[in-house]
Amino acid sequence: MADTRNPGTIMGEKAIAARIQLAREHLDRLRAILKEPGRWVSVWFLAYALLGAVSSGLLPILLPLMIVALTHHLSWVAYVMGGFNLGLLTSPLWGNLADSKHLHRPIFFGGFLVLLMALAAMPFLPGILPWSGLSLLAGAGTSAVATMASLFIVEFDPQNEWEPRLGWLQTFNGGGQVGGLLLAGIFVSNFKVGLICSALALIPAIWLGARGLPAGAKSYDWTVEIGNHMRRDLDWRFLANFGRPELLGGDLLRFSHHLSLQGARRFGDMLHTRFGRFLFSWFAVAFGVAAFFAYFPVAMQKAYNVAPALTSSVYAMTAAIALVLYSVGGQLSGRFGAGRVYRWSLVLRFLGFGLLLLVFFLPISRALIALAGFVLIIIAWPLQSISGTSLTARLTPFSQGEAMGLFNASGAVATVMGTFLGGPLVQFIGYPSLSAIALVGILLGWLAGHGLQTPDAAPAIHDDFAAQKAPS
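In this report, the structure presented in the accompanying data block is examined. (Residues numbered from 1 in each chain as written. Predicted model: local features only at pLDDT ≥ 70, side-chain atom pairs only at ≥ 80, totals over all residues. Heavy atoms only, no water.)

The helix and strand tally for the protein stands at 19 helices and zero strands. Looking at the protein residue by residue over its 472 residues, the buried ones come to 54%. In the protein, 87% of the contacts between residues at least 6 apart in sequence involve partners at least 24 apart. For the protein, the accessible area works out to roughly 20000 Å², and carbon and sulfur atoms hold 67% of it. (Helix = DSSP H or I, 4+ residues; strand = E, 2+ residues; numbered from the N terminus. Buried < 20%, exposed > 50% of the residue type's maximum accessible area, 1.4 Å probe, protein only. Contact = heavy atoms within 4.5 Å. Areas by Shrake-Rupley, 256 points an atom, 1.4 Å probe, with all protein chains shown as cover.)

Here the focus is the packing of helix 3 (residues 74-88) against helix 6 (residues 128-156). At a closest axis distance of 6 Å, the pairing of helix 3 and helix 6 adopts a crossing angle of 30°. The angle between the axes of helix 3 and helix 6 places the two elements in the roughly parallel class. In terms of crossing hand, the pair formed by helix 3 and helix 6 is right-handed. Along its contact with helix 3, which presents Trp76, Tyr79, Val80, Gly83, Phe84, Leu86, Gly87 and Leu88, the element helix 6 presents Ile128, Trp131, Ser132, Ser135, Leu136, Ala138, Gly139, Ala140, Thr142 and Ser143. (Axes fitted to C-alpha atoms, helices over the stretch in contact; angles between N-to-C directions. Parallel < 35°, antiparallel > 145°, perpendicular 65-115°, else oblique. Left-handed = near helix turned anticlockwise from the far one by under 90°.)

Of all hydrophobic cores here, the largest spans 111 residues; its most connected members are Trp44, Phe108, Phe278, Phe292 and Phe353. Element by element, the count of residues in this core is highest for helix 12 (residues 274-302), at 15 residues. Residue contacts for Phe292: discarding those within four places in its chain leaves Phe353, Leu356, Phe374, Ile377 and Leu434. (Core = buried A, V, L, I, M, F, W, Y, C linked by side-chain atoms within 4.5 Å.)

A separate point is helix 6. Helix length check: helix 6, at 29 residues, gives a terminal C-alpha distance of 41 Å against a target of 42 Å (1.5 Å per residue), a fit within 8%. Most of helix 6 sits inside the fold, with 22 of its 29 residues counted as buried. (Expected span 1.5 Å × (residues − 1).)

Here's what the structure looks like:
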């Protein structure tokens with residue numbers, strides 16, 4: 001029987017049906033997106049988020065403020081924070097110990113316990129030596145947990161799941177940092193309570209880890225040589241696919257299992273290559289900014305009249321925004337080249353530190369200008385981090401695993417050196433020296449980074465240095 005309805009009515013019903021179908025498709029897509037994290041996220045990721053809240057959110061704010069408030073010795077900040085950064089350099093030790101003795105779980109939980117006890121004891125043991133020693137232990141504990149967290153994935157999950165799992169793991173850590181920075185604003189008036197609460201926050205982290213760690217970690221597969229396997233197979237391309245806010249110590253915790261000095265035997269091979277020039281650039285920038293990141297909550301308060309609570313809140317909001325800027329940085333690197341994006345990021349940081357230095361010489365409001373410069377410094381990090389990772393893989397004249405080890409080690413060593421240098425600088429010159437040394441380091445890095453954008457800068461696939469040295 002023919003449909004005798006009005007053609008307009010029929011068309012309207014078809015349009016409604018199409019809209020309903022489209023809405024269902026959108027709903028199904030949304031459900032799939034919401035279910036996606038469940039495939040990769042484990043309960044113990046929450047423990048890593050708590051680690052991020054404490055080591056990357058609370059400590060960078062509370063420790064410098066507490067040291068200055070209790071002792072009035074500005075130089076002590078650099079030595080205590082330098083001790084923490086020095087502790088982070090123990091990552092290769094934990095990785096090698098896990099590979100050889102298969103003590104993954106004891107190292108993971110031991111790291112939490114050491115960090116917990118160091119933080120709990122710090123308010124009751126004032127003095128440069130106790131604080132520096134406890135800070136060193138806190139850094140070592142943090143490094144142990146971070147290293148084992150990555151190893152739990154690359155050892156006990158299928159290789160095709162490494163990328164999303166590591167991505168979510170580091171995103172949890174970044175989210176924890178944002179939460180820790182917000183909490184730091186609450187505890188700035190009572191450092192003792194803040195440190196004790198930080199220690200107490202690690203107790204549920206231990207409980208969450210005990211509930212959710214991979215079952216395979218209980219009995220190690222002796223047929224797998226994890227250390228070499230990981231360094232050989234881990235693909236550099238996904239290192240820049242997810243957010244990594246700038247952590248305490250110049251981002252030393254990022255993929256800490258790659259914080260390896262084994263590539264140092266290649267150091268002589270790459271001195272006169274583009275990769276060597278890039279490593280010098282990265283080292284110079286990390287060295288220059290390290291002192292500022294050790295002192296920033298104190299400097300923002302004393303030199304720029306910005307309350308610590310406001311500093312931590314602005315840092316938290318900026319770090320949260322930065323979490324979504326990594327994909328933008330990756331797209332820009334793909335479109336314009338990692339070399340250009342890397343130098344753009346240094347320009348942004350130069351402008352930020354330039355604003356921090358400028359206010360000392362002009363009769364302008366320090367607080368607003370300083371906050372603007374601080375935001376520029378943090379916002380530039382996603383571009384620098386992603387482009388630097390990409391340049392490491394594209395310029396390396398040997399294997400990417402060794403190159404990534406050199407890349408992270410150069411930044412780590414530079415950060416430790418720059419942090420310790422901050423003490424004498426602030427003591428004898430004052431707060432302007434923090435932004436001045438940062439400007440010098442960034443300028444050197446920018447100059448050394450010239451010419452890295454070359455057509456033949458392609459990812460190295462084989463560990464064949466001779467082939468890479470051949471003229472194109």
